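# Survey of secondary and tertiary structure
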Amino acid sequence: TFNGSTLAITGSIDLSADIDVDGTANLDVLDVDGASNFGADVVFAGAAANITFDQSTDDLIFDDDAKAIFGTGSDIEIYHSSGQSYIQNSTGNFRIDADALRLRSKTGSEAFITANVNSSVEVYYDDSKKLETTSGGVNITGITTISDRLQVTSGISTFYDTTQSTSATTGAV
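Residues numbered from 1 in each chain as written. Predicted model: local features only at pLDDT ≥ 70, side-chain atom pairs only at ≥ 80, totals over all residues. Heavy atoms only, no water.

## Topic: the overall build of the protein
- Regarding its fold elements, the protein presents zero helices and 11 strands.
- Its helices and strands in sequence order give the protein the pattern β-β-β-β-β-β-β-β-β-β-β, from N to C terminus.
- Taking 173 residues into account, the globule formula puts the C-alpha radius of gyration at 16 Å, and the protein, at 31 Å, lies well above it.
- Principal-axis analysis of the C-alpha atoms places the extent of the protein at approximately 105 × 30 × 30 Å.
- A buried classification covers 9% of the 173 residues belonging to the protein.
- Long-range pairs, those at least 24 residues apart, make up 0% of the contacts in the protein with a sequence separation of at least 6.
- Total accessible area on the protein stands at roughly 15,200 Å², and carbon and sulfur atoms take up 49% of it. (Helix = DSSP H or I, 4+ residues; strand = E, 2+ residues; numbered from the N terminus. Rg over C-alpha atoms; globule rule 2.2 N^0.38 Å. Buried < 20%, exposed > 50% of the residue type's maximum accessible area, 1.4 Å probe, protein only. Contact = heavy atoms within 4.5 Å. Areas by Shrake-Rupley, 256 points an atom, 1.4 Å probe, with all protein chains shown as cover.)

Here it is as structure tokens:
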């Protein structure tokens with residue numbers, strides 16, 4: 001039926017030609033069996049959060065609390081909520097395979113942790129390396145405070161500087 005401005009089709013119709021719609025087409029269900037091309041922004045409206053593809057910047061934008069979910073049982077989720085960003089893995093180990101891994105400040109100006117393949121792992125404080133694994137063990141830079149005990153299982157090889165304790169209950173170091 002056509003009432004002058006609206007065409008209503010009940011049932012199915014087979015169109016073998018292109019359809020060009022100027023304006024808005026409200027469809028209850030759109031089932032596309034072939035290729036689709038969206039030449040402008042696309043908004044996926046959610047119940048509480050949207051996901052938008054911004055064509056002008058080539059960005060896929062997830063609103064707060066909209067999640068990217070991977071796996072058959074929601075195995076991993078990536079999302080942002082209330083000023084915090086989350087990667088949550090609900091199954092097995094979380095693996096990152098790379099030749100190097102760098103955790104840095106958001107500006108990239110300060111290192112936190114660096115892990116290098118076949119080499120060291122480095123831990124930083126205020127962008128200053130404080131701990132580094134080596135082929136011979138661990139190098140620590142700065143004052144090391146041990147709050148409980150230090151257990152040495154095979155001896156101490158070298159002291160570069162020695163200090164004599166003045167305590168009556170401790171021995172020389």
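Anyway, onward from the coordinates.
## Observations concerning the side chain of T114
- The residue T114 is located in strand β8 (residues 111-116) in this model.
- With residues up to four places along the chain from it excluded, the contact list for T114 reads L101, R102, S120, V121, E122 and Y124.

## Brief notes about unusual backbone geometry
- The residue D65 is not glycine, and still its phi comes out positive at about 75°.
- Structurally, the position occupied by D65 is in the loop between β3 (59-62) and β4 (68-70).

## Side note on the sheet that holds strand β1 (residues 42-44)
- Strand order in this open sheet of three strands is β1-β2-β3, and the pairing throughout is antiparallel. Of all the strands in the sheet, the pair left with one neighbour each is β1 and β3. On average, each strand axis in the sheet is tilted by 15° relative to the strand beside it, whichever way the strands run.
- Bridge count for β1 against strand β2 (residues 51-54) is three bridges, and the pairing is antiparallel. Within β2, the position partnered with V42 by the bridge is F53. (Pairing = 2+ DSSP bridges. Axes fitted to C-alpha atoms, helices over the stretch in contact; angles between N-to-C directions.)

## Quick notes on the pattern of salt bridges
- Across all of its chains, the model carries five salt bridges by this definition.
- With its nearest N and O atoms 2.8 Å apart, the salt bridge here joins R95 to D97. Here the two residues R95 and D97 agree in accessibility, since each one is exposed.
- A salt bridge links D148 to R149; its shortest N-O distance comes to 2.9 Å.
- Since its relative accessible area comes to 68%, R149 is described here as exposed.
- Overlapping salt bridges bring together E122, K129 and E132 as one network. (Salt bridge = Lys/Arg side-chain N within 4 Å of Asp/Glu carboxyl O.)

## Focus on the environment of L101
- Within the secondary structure, L101 sits in strand β7 (residues 100-104).
- For L101, a relative accessible area of 35% corresponds to the partly exposed category.
- Placed 15 residues apart in sequence, L101 and N116 show a C-alpha to C-alpha distance of 6.6 Å.
- What L101 contacts, discounting residues up to four positions off in sequence, is I96, I113, T114 and A115.

## Side note on the side chain of S81
- Residue position: S81 is located in strand β5 (residues 76-81).
- On the basis of relative accessible area, S81 is assigned to the buried category, the value being 14%.
- For S81, the residues in contact, after removing those within four places along its chain, are D65 and Y86.

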